Amino acid sequence: MPAPKEGGIKGFLTRAGVSFYAGGLFMKEKGWVWAKKAGNVGFMVATTSIVVLMPLIFEIMREGQMIEADKLQVKELRQQGYSDGQLAELGFPKVAMGMKPAVLKSS
């Protein structure tokens, strides 16, 4: 004959404790599985970002340095008497000559 179940508040708290303990073990097991998966996803995102974004960042920084160097050259050539048309013929970008790019012009 099975043991009689305890009733009342004591029985409820006993059953709740057993249930919480079983739930804790389940969550511990599943938590490790999800932590491993999240670690793998995080690793893939980090390495992909390094491979894809770092060269882009380096290129943007280099482009900024080139524009600054072109601005210095344009300034020197203007002091020598070159016009904007002549500088454009020499191949200097509009940004280096102090003009807005065509994309940013308002109509």
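Q: Help me out: how do you make sense of the overall build of the protein chain in this one?
A: For the protein chain, the count of helices and strands is two helices and zero strands. When the accessible surface of the protein chain is totalled, it reaches about 9,400 Å², and 68% of it is carbon and sulfur.

Q: When you look at helix H1 (residues 8-79) in this model, what are you seeing that I'm missing?
A: A bend of about 30° at Leu53 is the largest found in H1, and the proline Pro55 appears one to four places after it. Listed in full, the buried residues belonging to H1 are Gly11, Ala16, Ile67, Asp70, Val74 and Leu77. In this fold, the buried residues of H1 make contact with helix H2 (84-89). Phi turns positive, to about 105°, at Gly81, one or two residues after H1.

Q: Any chance you could explain the pattern of salt bridges here in plain terms?
A: Pairing between side chains of opposite charge can happen when their charged atoms approach one another. Scanning the entire structure with this criterion turns up two salt bridges. A salt bridge links Glu59 to Arg62, with the nearest nitrogen and oxygen atoms 3.3 Å apart. Taken as a pair, Glu59 and Arg62 lie in helix H1 at a separation of three residues, close to a single helical turn. On the basis of relative accessibility, which here comes to 38%, the residue Glu59 falls in the partly exposed class. Put simply, Arg78 and Asp84 hold a salt bridge, and the shortest N to O gap is 2.5 Å. On the basis of relative accessibility, which here comes to 36%, the residue Arg78 falls in the partly exposed class.

Q: Any chance you could explain the side chain of Asp70 here in plain terms?
A: By the secondary structure assignment, Asp70 is in helix H1. Residues within four places of Asp70 in sequence aside, it is in contact with Phe92, Pro93 and Ala96.

Q: Can you walk me through the environment of Met66 in this structure?
A: With respect to the helices, strands and loops of the structure, Met66 is situated in helix H1. For Met66, a relative accessible area of 47% translates into the label partly exposed. For the pair Met66 and Ala96, spaced 30 residues apart in sequence, the C-alpha to C-alpha distance is 9.1 Å.

Q: Teacher, can you tell me more about a nonpolar patch on the surface here?
A: A grouping of Ile50, Val51, Val52, Leu53, Met54, Leu56, Ile57, Phe58, Ile60 and Met61 is seen on the molecular surface, where their side chains present a nonpolar patch of about 970 Å² in accessible area. Take Met61: it is sitting in helix H1. For Met61, a relative accessible area of 49% puts it in the partly exposed group.

Scoring rules and cut-offs
Residues numbered from 1 in each chain as written. Predicted model: local features only at pLDDT ≥ 70, side-chain atom pairs only at ≥ 80, totals over all residues. Heavy atoms only, no water. Helix = DSSP H or I, 4+ residues; strand = E, 2+ residues; numbered from the N terminus. Areas by Shrake-Rupley, 256 points an atom, 1.4 Å probe, with all protein chains shown as cover. Bend = angle between axes of the 7 residues up to and from the residue. Buried < 20%, exposed > 50% of the residue type's maximum accessible area, 1.4 Å probe, protein only. Contact = heavy atoms within 4.5 Å. Salt bridge = Lys/Arg side-chain N within 4 Å of Asp/Glu carboxyl O. Patch = residues over 30% accessible without salt bridge, like charges linked within 9 Å, V, L, I, M, F, W, Y side chains within 5 Å.

The quantities given are spatial measurements derived from coordinates; they are silent on function.
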